[in-house]
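# Summary of the model geometry
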Amino acid sequence: MPPTVVTRESISAAAAYKPAIGDLSMTDLPVAAKVAQKVMQDLRMGREHQQGRINWITTIVMGLFHVGAIAALFFFSWKNFAAFAIMYFFAINVGIGVAYHRLLTHRGFRTPKWVEYFVTACGTMALEGGPIFWVATHRVHHQNSDQEGDPHTPVDGTFWAHAGWILSGRAMHSETALLGRYAPDLTRDPVHVWLSKYHWLPLTITGLLQIAIGTLVTGHFTGGLTMMLWGTFLRVTLGLHATWLVNSATHLFGKRRFDTRDDSRNNWWVALLTGGEGWHNNHHAHPVSARHGLTWYEFDINYYCIWALSKLGLAEKIQVAKFDPKNPKPAGV
Ligand SMILES: [Zn+2]
Ligand SMILES: [Zn+2]
């Protein structure tokens, strides 16, 4: 990469970029400044620049998962439901909410490296891409929320924000270098690079395990296949829609506690589906906070997981937003 001249504009842009990421070391600051300069140079992540032809491979895979999900509904059993619930918890709560979002994207707390890698591997099981793609895309979302350059804003259309940007956007195919610049902390880490390259592997291994376990506990191979339909196909499909609702519904429906510069909202039913990610206005106002539900009634299972990790001695430096309920203000205001 050619050397980047850090200008006054890029440093002030870095100041806007920095509050969304906690606990980056001082050596990351010049990198953040360079990243911010790139953000100013190319707002390439929005629909205007991203809308292209349909990504057929992605669309066919997504279609197959939806067909498998519907097929699963004809084979309900409590054993299959248990496989679904356990896998959903590890992929969506531990993997996407705790790992990809609150730990890797925003660095709202710290864990030993082996824990970081384990929870990241859980995140790959959600079929939402590897950690570098996910984290970079989400950092761009915070940088340009509901403005030009936001990869998935409902301003560009509700379906675009929900799934269109994945099915017909070019981000996953031609913007690898651009995305890498938004996640320099991950591209420097060989384990995260490896997990990003082989993000399909944990999903495949656990899918095969479900066939084996299902066959063992039911005594026939069909029992194994239907357990895999519930634990993988139905679970991945519902998990994808739950996550996508954070991009679509929580920028459209719900209450706004904080007057943020985007359209983010606190949406209780998306919070219920995602384990707390639906308190999205709280999150845009205090992006580094590992806790998204800021009152006792804003349930936040993903934060309870982080709290439990800290009690086990596996999480520290947990950032928690403080606000005045009578005069709620976004961080830095
Ligand atoms: Zn958002
Ligand atoms: Zn975020």
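Here the structure is shown first, and the text comes after it.
Here's a quick rundown of the structure.

About the criteria used
Residues numbered from 1 in each chain as written. Chains lettered and ligands numbered in written order. Predicted model: local features only at pLDDT ≥ 70, side-chain atom pairs only at ≥ 80, totals over all residues. Helix = DSSP H or I, 4+ residues; strand = E, 2+ residues; numbered from the N terminus. Buried ≥ 20, exposed ≤ 12 C-beta atoms within 10 Å, placed from the backbone. Contact = placed C-beta atoms within 7 Å. Core = buried A, V, L, I, M, F, W, Y, C linked by C-beta atoms within 7 Å. Axes fitted to C-alpha atoms, helices over the stretch in contact; angles between N-to-C directions. Parallel < 35°, antiparallel > 145°, perpendicular 65-115°, else oblique. Nonpolar A, V, L, I, M, F, W, Y, C, P; charged D, E, K, R; others polar.

## Description of the overall build of the protein chain
In terms of helices and strands, the protein chain carries 17 helices and 0 strands. Classification of the 333 residues of the protein chain by burial places 48% in the buried group. Pairs at least 24 apart in sequence give 70% of the contacts found in the protein chain among residues at least 6 apart.

## Some points on the nonpolar core
Judged by nonpolar contacts, the single largest core of 55 residues is most densely connected at Ala91, Ala99, Cys122, Val135, Ala136 and Ile306. The set of elements that each furnish at least two residues to this core consists of helix H4 (56-72), helix H5 (78-105), helix H6 (113-124), helix H7 (131-143), helix H14 (221-247), helix H15 (268-274) and helix H17 (301-311). Sorting elements by how many residues they give to this core places H5 first, with 14 residues. Leaving out residues up to four positions away in the same chain, Ala91 has contacts with Ile96, Cys122, Met125, Ala126, Arg235 and Gly239.

## Structural notes on the packing of H5 against H17
Their axes nearest at 10 Å, the elements H5 and H17 cross at an angle of 80°. Taken as axis vectors, H5 and H17 run roughly perpendicular relative to one another. The segment H5 lies against H17, with Asn93, Val94, Gly97, Val98 and Arg102 engaging Ile301, Asn302, Cys305 and Ile306. Class assignment for the residues of the contact of H5 with H17 results in 5 nonpolar, 3 polar and 1 charged.

## Overview of the environment of Ala242
Structurally, Ala242 is set in helix H14. What makes Ala242 buried here is the crowd of 21 C-beta atoms within 10 Å. Measuring from C-alpha to C-alpha, the distance between Ala242 and Trp269 comes to 9.8 Å, with 27 residues separating the pair along the chain. The residues touching Ala242, leaving out its near neighbours within four places in the chain, are Ile92, Leu273 and Thr274.

## As for unusual backbone geometry
Here the phi dihedral of Asp146 falls at roughly 55°; this positive angle occurs in a residue that is not glycine. In this fold, Asp146 is placed in the loop between H7 and helix H8 (158-167). Of note in the backbone geometry, Lys317 takes a positive phi value of approximately 50° without being a glycine.

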